[in-house]
Amino acid sequence: MHHRGSSLPSIVEHPQKIDCKEGTPYFLSGSPNQNLLTGAVVGGPGVDDSFTDDHFDLVQLEPTTYVNAPLLAYFKSRSSKL
């Protein structure tokens with residue numbers, strides 16, 4: 001299930017093991033993600049320029065390597081020229 005890891009409480013707050021299926025209630029809760037991936041580029045807005053921060057909107061919220069890798073490569077190429 002997508003985004004389940006970001007929905008789980010931190011190991012500091014919940015040191016007990018959370019099995020795979022035990023994470024589902026956290027994902028389905030509708031609460032904001034407890035573990036944020038800061039700086040990742042996600043799918044972005046829809047064709048009408050709208051954006052909804054919703055666990056179930058995988059197209060807009062999925063951080064992917066095919067989106068992030070080229071951007072990181074660009075930033076790396078620019079930083080080595082400074």
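Just so it is clear, the model here is predicted, and its values are computed rather than measured.

Caption draft 1: A look at the packing of aromatic side chains. Overall, the coordinates contain one aromatic pair when judged by the stated rule. Summarising the aromatic geometry, the rings of Tyr74 and Phe75 are spaced 5.8 Å apart at their centres and angled 55 degrees between planes, so their arrangement reads as tilted. Judged by relative accessible area, which is 46%, Tyr74 ranks as partly exposed.

Caption draft 2: How the structure looks around the side chain of Ser7. Within the secondary structure layout, Ser7 lies in helix H1 (residues 4-7). Under the relative-accessibility criterion, Ser7 is labelled buried at 2%. In this structure the side chain of Ser7 is engaged in a polar contact, spanning 3.4 Å, whose partner is the side chain of Asn33. Dropping the residues within four chain positions of it, Ser7 is found in contact with Tyr26, Phe27, Asn33, Gln34 and His55.

Caption draft 3: Just the layout of surface pockets, in detail. The computed volume of the largest pocket comes to approximately 400 Å³. As for the largest pocket, its lining consists of 18 residues, and the residues nearest its centre are Ser6, Asn33, Leu36, Asp53 and Leu61. Considered class by class, the residues forming the lining of the largest pocket number eight nonpolar, eight polar and two charged.

Caption draft 4: Seen up close, the pattern of salt bridges. Inspection of the entire model under this criterion finds one salt bridge. With a shortest N-O distance of 3.5 Å, Asp19 and Lys17 are connected by a salt bridge.

What counts as what
- Residues numbered from 1 in each chain as written.
- Predicted model: local features only at pLDDT ≥ 70, side-chain atom pairs only at ≥ 80, totals over all residues.
- Heavy atoms only, no water.
- Phe/Tyr/Trp six-rings, centres within 6.5 Å; stacked < 30°, edge-to-face > 60°.
- Buried < 20%, exposed > 50% of the residue type's maximum accessible area, 1.4 Å probe, protein only.
- Helix = DSSP H or I, 4+ residues; strand = E, 2+ residues; numbered from the N terminus.
- Polar contact = N/O pair within 3.5 Å; in protein donor to acceptor, adjacent residues only side chain to side chain.
- Contact = heavy atoms within 4.5 Å.
- 1 Å grid on protein atoms, 1.4 Å probe; cavity = no way out; pocket = protein on both sides within 12 Å on 5 of 7 lines; lining within 4 Å.
- Points joined across faces, edges and corners; volume = space filled by probe spheres on them.
- Nonpolar A, V, L, I, M, F, W, Y, C, P; charged D, E, K, R; others polar.
- Salt bridge = Lys/Arg side-chain N within 4 Å of Asp/Glu carboxyl O.

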